[in-house]
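One letter stands for each residue in the lines below.
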Amino acid sequence: MTTSIAERAHELTAARRPFVHATVVRAQEPTSARAGDDAVILADGSIEGFVGGVCAETSVRAAAMDTLRDGNTVLLRVLPEDSAEFPETPGALVVVNPCHSGGAIEIFLRPVLPKPLIAVAGGSPIGTAVTALAEFLDFEVTHSPEGATAVVVAGLGRDEERVVREALDAGVPLIALVASNTRSAILLDAMGLSPEERSRIRAHAGIDIGARTPKEIALSVVAEIVREMRIGGLAAAAPKKPGATHAEAAAFAKAGPEFVAGPALPVGPATLPVAEAPARTAIDPVCGMTVVIGPDTPHGVVDGEDFWFCCPGCLKKYTKA
């Protein structure tokens, strides 16, 4: 990976922005790409770096959107129409480009997705154990509820109402309150919560494993969070517009696809804001290529229907017909 692409990948990772790192692993002439060329593809379909000419790049963009949606790595083979002379690669995704210059390219696509966020409030031994266990499981631990998948309230009586209120206002879908059933009921009843707000709070949090020590209690709490993520569809806090309710924010978030953590991120799924959702794709009606819909994608309207194309030549051919 070149220094500039490496630096850009580091910047994107630090900013918690999803992207795909694409690396050319084999190139067979005639093709403009060479083994070792690489690029990053962002969720909007924009590409920085070089992995081949416009036709190969179009296929890479489209495949990258799929990897962002499912979180899985893929080996992409971009072949010309007459591909009989190229050896097969079991397990690879094969794309045939009608406009390809004649060479073949193999490109490894690796999605890089932000780690799920868990906010931990409280410096108690349980809070410390939750932090250590969450980091071991590859969560990112924070103290702010913004964008968090879950908030663990482990103050054991200290500042709990404020923390719960901030988490609710931030739209956090799961708030794990570490407290006895009796104290949890007293605290939550006093807060005057709506039914929707109350449904997001796990009073006396944790799976019942007979936990007694702080580490065992932390295990039960984190296990409940992982279970909700893996089985219950728990996702990150929905982006909120000023004045929007949590229900409105959740409905807004549903407009975009979910991001599911792949092999590099063992804890998932991790749903990102709609602004970071993978760009839509379309099929070029002339050559059959999958193209990413963006502001620069050739576009035409025929009989009131929208069509997108891989290049101006296909657009001209189709609209002329």
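Residues numbered from 1 in each chain as written. Predicted model: local features only at pLDDT ≥ 70, side-chain atom pairs only at ≥ 80, totals over all residues. Heavy atoms only, no water.

1. Some points on the overall build of the chain
Each helix and strand in the chain was counted, giving nine helices and 15 strands. Here the analysis covers contacts within the chain between residues at least 6 apart in sequence; of these, 58% occur between residues at least 24 apart. Surface accessibility of the chain: about 15600 Å² in total, with carbon and sulfur atoms responsible for 55%. (Helix = DSSP H or I, 4+ residues; strand = E, 2+ residues; numbered from the N terminus. Contact = heavy atoms within 4.5 Å. Areas by Shrake-Rupley, 256 points an atom, 1.4 Å probe, with all protein chains shown as cover.)

2. What to know about the pairing of strand 2 (residues 38-42)
Burial analysis of strand 2 places five of its five residues in the buried class, the great majority of the element. The alternating pattern of strand 2 places Asp 38, Val 40 and Leu 42 and Ala 39 and Ile 41 on opposite faces, both of which are buried. Where strand 1 (residues 19-28) lies against strand 2, five bridges are found, and the strand directions are antiparallel. Within strand 2, the residue paired with Phe 19 across the bridge is Leu 42. Where strand 2 lies against strand 3 (residues 47-49), three bridges are found, and the strand directions are antiparallel. Residue Ala 39 lies in a different strand from strand 3, and its bridge partner there is Gly 49. (Buried < 20%, exposed > 50% of the residue type's maximum accessible area, 1.4 Å probe, protein only. Pairing = 2+ DSSP bridges.)

3. Section: the packing of aromatic side chains
For any pair of aromatic rings, geometry is given as the distance between the ring centres together with the angle between the planes. Inspection of every chain in the model, using the stated rule, returns two aromatic pairs. Here Phe 307 and Tyr 318 contribute two aromatic rings whose centre-to-centre distance is 5.0 Å and whose plane-to-plane angle is 55°, an arrangement assigned as tilted. Residue Phe 307 is found in strand 15 (residues 305-308), and its partner Tyr 318 is found in helix 9 (residues 312-320); the two are separated by eleven residues along the sequence. Its relative accessible area of 27% is what places Tyr 318 among the partly exposed residues. Here Phe 309 and Tyr 318 contribute two aromatic rings whose centre-to-centre distance is 5.7 Å and whose plane-to-plane angle is 50°, an arrangement assigned as tilted. Ring pairs connect the aromatic residues Phe 307, Phe 309 and Tyr 318, which therefore count as one cluster. (Phe/Tyr/Trp six-rings, centres within 6.5 Å; stacked < 30°, edge-to-face > 60°.)

4. Structural notes on the packing of helix 4 (residues 160-169) against helix 5 (residues 181-191)
For any two helices packed against each other, the geometry is given by the interaxial angle and the distance between the axes. Between helix 4 and helix 5, whose axes approach to 11 Å, the crossing angle comes to 60°. Between helix 4 and helix 5, the angle falls in the class oblique. As helix 4 packs across helix 5, the resulting crossing turns out to be right-handed. Taken together, the residues of helix 5 that come into contact with helix 4 (itself represented by Glu 160, Glu 161, Val 164 and Arg 165) are Arg 183, Leu 187 and Met 191. Classifying every residue of the contact of helix 4 with helix 5 by side-chain character gives three nonpolar, no polar and four charged. (Axes fitted to C-alpha atoms, helices over the stretch in contact; angles between N-to-C directions. Parallel < 35°, antiparallel > 145°, perpendicular 65-115°, else oblique. Left-handed = near helix turned anticlockwise from the far one by under 90°. Nonpolar A, V, L, I, M, F, W, Y, C, P; charged D, E, K, R; others polar.)

5. Quick look at the side chain of Asp 38
Turning to its location among the elements, Asp 38 is positioned in strand 2. Among the polar contacts made by the side chain of Asp 38, one reaches the side chain of His 21 at a distance of 3.1 Å. (Polar contact = N/O pair within 3.5 Å; in protein donor to acceptor, adjacent residues only side chain to side chain.)

6. So, the side chain of Ser 124
Within the fold, Ser 124 resides in the loop between strand 7 (117-121) and helix 3 (125-136). Ser 124 sits in the buried class, given a relative accessible area of 7%. Residues in contact with Ser 124, not counting those within four places in the same chain, are Ala 154 and Leu 156.

Keep in mind these values describe shape, not function.
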